[in-house]
Amino acid sequence: MRKIVLKCPKCKKKMKISDKVAKYRCPNCGEVYKYTKLKKVYFSVALVARDFLVTIKEFSSAIKGKYAAFKNTYKYMKSLKKNQKKAKKAKKWK
């Protein structure tokens, strides 16, 4: 069973509950928290949305990394060709 971390409505401290519709008692203040089907759906949707945003962020950073690597390789190859041309010209003059 999956665990969910949420804040107690009374004392605002974190409490860990299982992802099962039931009543849970806060270990800090003793307040009873009802985890209903509606709250379960809300947490499931929130979890999916959070994971989606993390995936988008990772995908974006991967694209940026690939672009930076391509750009650096292009600059390197361009300077390498330039240096090779200079070396060929220098050999012709000797």
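Check the entry above for the structure.
Quick notes on the rules
Residues numbered from 1 in each chain as written. Predicted model: local features only at pLDDT ≥ 70, side-chain atom pairs only at ≥ 80, totals over all residues. Heavy atoms only, no water. Helix = DSSP H or I, 4+ residues; strand = E, 2+ residues; numbered from the N terminus. Buried < 20%, exposed > 50% of the residue type's maximum accessible area, 1.4 Å probe, protein only. Contact = heavy atoms within 4.5 Å. Areas by Shrake-Rupley, 256 points an atom, 1.4 Å probe, with all protein chains shown as cover. Lys, Arg positive; Asp, Glu negative; His and termini not counted. Charge placed at Lys NZ, Arg CZ, Asp CG, Glu CD. Pairing = 2+ DSSP bridges.

S.K.: Just checking my understanding: could you explain the overall build of the protein chain for this structure?
M.R.: A tally of helices and strands in the protein chain yields one helix and four strands. Its helices and strands taken in sequence order, the protein chain reads β-β-β-β-α from the N to the C terminus. Considering only C-alpha atoms, the protein chain reaches an extent of 90 × 25 × 20 Å along its principal axes. Here the protein chain holds 94 residues, and the buried ones make up 12% of them. Put simply, of all contacts in the protein chain between residues at least 6 apart along the chain, 10% involve residues at least 24 apart. A total accessible area of about 8,600 Å² is found for the protein chain, and carbon and sulfur atoms account for 62% of it. The average position of the 31 basic charges and that of the 4 acidic charges among the side chains of the protein chain differ by 19 Å.

S.K.: I tried to follow the pairing of strand β4 (residues 32–35) on my own but got confused; where do I start?
M.R.: Residues Y33 and Y35 of β4 are buried on one face, while the alternating residues V32 and K34, pointing to the opposite face, are not. In this structure, strand β3 (residues 22–25) lies alongside β4, joined through four bridges in antiparallel fashion. Looking at β4, one finds that R25 is bridged to V32. The antiparallel pairing of β3 with β4 creates a hairpin that spans six residues between the two strands, and G30 there sits at a positive phi of about 85°.

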